[in-house]
Every structure is written in structure tokens, then in C-alpha cells.
Amino acid sequence: MNETQTGAAPDAPTPLTPALAAERSAGAIVSATPPRRSFLARFQRWEWMLVGLIALVVLLNSQLSPYFLDARNLSRTSSDFMEIGLMMLPMVFIIITGGIDLSVASNLAMCASFMGWLFMRGVPIWPAAAGALLLGALGGLLNGTLVARVKLPPLVVTLGTYAFYRGVAYVLLGDQAARGYPAGFTFIGQGKLPGTLIPFSVVLFVLLAILFGLVLHKTTFGRYLFAIGNNENATAYSGVRVARIKIAVYTLSGLMAGLAGIVLAARFGSTRPDIGLGLELAVITAAVLGGVDINGGVGAMGGAVLSLLLIGLLRFGMGLLNIQGQVQGMVIGLLLILSILLPNIVRSLSGRSGLHRQSLAAAAALIAAFVLFVLFFFWSRAQVLGAV
């Protein structure tokens, strides 16, 4: 029986001509290669926005003050915010997991005061500094245990220890100041690399920033941090010891607060119980302005370092222009609000083809706030210069 009698024969395989082979090969290459991001999309990353803001701040400040680009001034001011940077590094870890630590500056004060208290009672400075680091780690361990084991909200826990640790600093030193630290110790906060204008504290921060960045982006521990921030319950059900990781990052935050206290005391050459007052706002702002989502699960160490540089240059420029400290505090507060608003706008614009009404309203509010601040900035400067 032939095929014409039983029905249609099965289709014969299509001969593979050179043209068809080339088409299939091209299709395989396209499917195997991830789509390339457009040139504009590459520059919509938040880190590039920060680079642009830094360039704008440098340009404006260099025009407003002839002393802004002085190498010695830049060297001096770079060491002024390294303590903020040291506390910011573990804060990135904590916020990525969905937590917060409001007690970092108070922990800094407690550790520095404890070191000064020991030194005033005859303990050599280096064992006293080691004791300060240990106390800072214990303070962070307390925070982590209350958050991870007792299941208390991080905001409530660290707000309580914020007041408690500062109170301990006042109990240790009262209205006194610990001073008379040896030159070898003050080199940590005041010294520079031989033959250069690079402060030792800047080198310390850069090395630790590289280490923290590698841990966050290149290790399993770092991936766990992102997983916890995105879905803590699912991460726990997958076998990850979430509580242990949370305790570790809070303990690390306390340890780095102790180190920041040592650096700050070395830079001042003395310790008072009000040391580092208000720095927690700048620490959180630096982390969140760097693109770390306050809700957790998103962030990059590079962005946080860039935002720290931006905040430092802003404060330095305002100081050269005789802007009051209260106004500088307003700037940090405004940056904290913008740091939450701006990355969300950038993500929405880069992920959608059109502008939605909500994005336009947020952008308009941002521009209005910026214009109002600029007007207030120059009015404040005119008031100060007129009073002199």
C-alpha cells in the first residue's frame, strides 16, 4: 500500500541550506546572549547619579570658595567624616537585612568614654582601646540578641540602647574629659602617611570598605543578607540561620562603632561623654543615600561610599561658606528624605517606558524642595555675612 492511499506522508525534513543554517546560528547567539542595556540605561544607575552630584558639588563649591580645592583643606576634611564611614559600613549590612541601628553614635561615645575612663585610672592606652572594642561588640551583641532572639523591633531596641549607651558614657566620665593620650595613639586620627597628605584614617576606611564590599557582593554571607532582606521567612525555611546572621551583623556594627570611637578620640586628642552626638543621622543618611533600600533587600557598598563622599564635601563646602551648624543639620535631614525618594524614582523611570503621574508628582516635589533649599541656603549665608 502506497502513501497516497493511506493518507498524507509525514513531512520530510527540510534540507539545511547555508542560509537557514546561518539564520539558526544567529538566533542561537541572540538567545544565548543577555540583552545589552542601552547607553542611557547604564547611566540611570543610582551610583552614576551620585557621581554627577559629587561633580556638581565640587564645581559649585570651587566657584563659591577659593579654598575648597586646597589640598591641605581636602586632606583635613577627609579625616573629619571617616568615623561616619566606619559606622556606615556595617549599617549597610543591617539595613539590607531590613533592620536599623540607631544606637551607633551612642555606642561610639560609650566605648570612647570607657577607654578614657580606663586610661585615667592608669591602664595603658592600647589595652584600654582593646577594652573599648570589646565593649562595643558587646553592645552590638545586646542589640542583635534582642532583635533576633527576643523578636523585638529593631527600631524600638536600638532607640532604647541609643539612650542607654549614651547614659553609660555620662556615668563613666560625668562632666570630665579624658585627655593626655600618647602621640602613638593620636596618630590614628591625626597622622598622615609619610611624605603625603593622605590621613591614616582614610587609608583605614578604604581598606575596610574594600573588605566589607567583598563580603557583601562576593560571599555566601552577603547573599544571605540580601535574601533575609527580601524574604526573611523563606530564607529561614530554606535552612539559613537567620537569627545567627542578624546577631553577627549587629555585633559587627557595635565593634565598628567602638573602632570609630577610638579614631574620633584620637583625632580630638580627648574624650567627652557627648562625643559623636548626632552622628547616627549622618550614618543612616550615608547608607540610604547610597541606594540601600530602607525596606531591605537592595543595596551596594560602592553607592554607600560615594554618598559618604558627597555628604563630606557638602559639609566641608558649607563650613567654608560660614553656614550655621543648624542649617547643615537641615541639609542632612533633607538628604535623608531625598535618599528614600530619589532611588525609587530612578528605579521606576528605568523600569518603565513612560512617566506615571505618581513619578511626575514625586519629581516635582523633589525639584520644589531643592529650589526652596537653595533659596534658604543663600539667605542664610547672607544673614551670617551681614552679621559679621
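Definitions and limits used
Residues numbered from 1 in each chain as written. Predicted model: local features only at pLDDT ≥ 70, side-chain atom pairs only at ≥ 80, totals over all residues. Heavy atoms only, no water. Helix = DSSP H or I, 4+ residues; strand = E, 2+ residues; numbered from the N terminus. Contact = heavy atoms within 4.5 Å. Areas by Shrake-Rupley, 256 points an atom, 1.4 Å probe, with all protein chains shown as cover. Salt bridge = Lys/Arg side-chain N within 4 Å of Asp/Glu carboxyl O. Buried < 20%, exposed > 50% of the residue type's maximum accessible area, 1.4 Å probe, protein only. Core = buried A, V, L, I, M, F, W, Y, C linked by side-chain atoms within 4.5 Å. Phe/Tyr/Trp six-rings, centres within 6.5 Å; stacked < 30°, edge-to-face > 60°. Arc of directions from axis to C-beta. Axes fitted to C-alpha atoms, helices over the stretch in contact; angles between N-to-C directions. Parallel < 35°, antiparallel > 145°, perpendicular 65-115°, else oblique. Left-handed = near helix turned anticlockwise from the far one by under 90°. Nonpolar A, V, L, I, M, F, W, Y, C, P; charged D, E, K, R; others polar.

### Notes on the overall build of the protein chain
Of regular secondary structure, the protein chain possesses 18 helices and two strands. Of the contacts formed within the protein chain by residues at least 6 apart in sequence, a portion of 78% connects residues at least 24 apart. Summed over its atoms, the accessible surface of the protein chain is roughly 20,100 Å², and 67% of this surface lies on carbon and sulfur atoms.

### Some points on the pattern of salt bridges
When charged atoms on two side chains of opposite charge get close, those side chains can pair. One pass over the full model with this rule turns up four salt bridges. Residue arginine 267 pairs with aspartate 80 through a salt bridge whose shortest N-O separation is 3.0 Å. With arginine 267 in helix H14 (residues 242–268) and aspartate 80 in helix H5 (residues 71–80), this pair connects stretches of sequence that are 187 residues apart. Arginine 267 sits in the buried class, given a relative accessible area of 19%. Of the charged contacts in the structure, one is a salt bridge between lysine 246 and glutamate 232, with a shortest N-O distance of 3.0 Å.

### Observations concerning unusual backbone geometry
The bulk of non-glycine residues show a negative phi, and the bulk of peptide bonds are trans. Although it is not a glycine, lysine 151 sits at a positive phi angle of roughly 65°. Here lysine 151 shows up in the loop between helix H8 (125–148) and helix H9 (154–173). For lysine 151, a relative accessible area of 60% gives the class exposed.

### Describing the environment of glycine 299
Topologically, glycine 299 is positioned in the loop between helix H15 (279–289) and helix H16 (301–320). Measuring from C-alpha to C-alpha, the distance between glycine 299 and isoleucine 95 comes to 8.6 Å, with 204 residues separating the pair along the chain. Residue contacts for glycine 299: discarding those within four places in its chain leaves Ile96, His217, Phe226, Gly291 and Val292.

### A word on the nonpolar core
Grouped together as the largest cluster of nonpolar side chains are 86 residues, with contacts concentrated most on Met88, Leu89, Val92 and Met115. Per-element accounting of this core gives the leading share, 13 residues, to H14. Once you skip the residues sitting within four places of it in the chain, valine 92 turns out to touch Leu216, Ala287, Val292, Met301 and Ala304.

### A word on the packing of aromatic side chains
Overall, the coordinates contain eight aromatic pairs when judged by the stated rule. Ring geometry for tyrosine 181 versus phenylalanine 185: centroids 5.2 Å apart, planes at 65°, classification edge-to-face. Of the two residues, tyrosine 181 and phenylalanine 185, neither departs from the other in class, the shared state being buried. An aromatic cluster is present here, built from Phe119, Trp126, Tyr181 and Phe185 joined pairwise through their rings.

### Examining helix H10 (residues 183–190)
The set of residues buried in H10 consists of Phe185, Thr186, Ile188 and Gly189. In an axial view of H10, the angular spread of the buried residues amounts to 135°, which keeps them on one side of the axis. Summarising the contacts, the buried residues of H10 are in contact with helix H7 (104–120), H8, helix H11 (200–218) and H14.

### So, the packing of H7 against H9
Packing of H7 against H9 leaves a shortest axis separation of 8 Å and a crossing angle of 20°. The angle between the axes of H7 and H9 places the two elements in the roughly parallel class. The two elements H7 and H9 cross, and the hand of that crossing is left-handed. On H9, the residues touching Ala105, Ser106, Asn107, Ala109, Met110, Ser113, Phe114, Trp117 and Met120 of H7 are Thr161, Tyr162, Tyr165, Arg166, Val168, Ala169, Leu172 and Leu173. The class makeup of the residues in the contact of H7 with H9 is twelve nonpolar, four polar and one charged.

### Let's talk about the side chain of serine 253
Tracing the backbone shows serine 253 in helix H14. What serine 253 contacts, discounting residues up to four positions off in sequence, is Pro90, Ile94, Asp101 and Val104.

### Topic: the side chain of serine 65
Tracing the chain through its elements places serine 65 in the loop between helix H4 (46–64) and H5. When its relative accessible area of 7% is taken as the criterion, serine 65 is described as buried. Beyond its immediate sequence surroundings of up to four residues, serine 65 is in contact with Leu320 and Leu321.

### Here we look at the packing of H15 against H16
Viewed as axis vectors pointing N to C, H15 and H16 meet at an angle of 130°, and their least axial separation amounts to 7 Å. The angle between H15 and H16 falls in the class oblique. Classified by chirality, the crossing of H16 by H15 is right-handed. Residues Ala282, Thr285, Ala286, Ala287 and Leu289 of H15 form the contact with H16, whose own contacting residues are Ala304, Ser307, Leu308, Leu310, Ile311 and Arg315. In the contact of H15 with H16, the residues fall into eight nonpolar, two polar and one charged.

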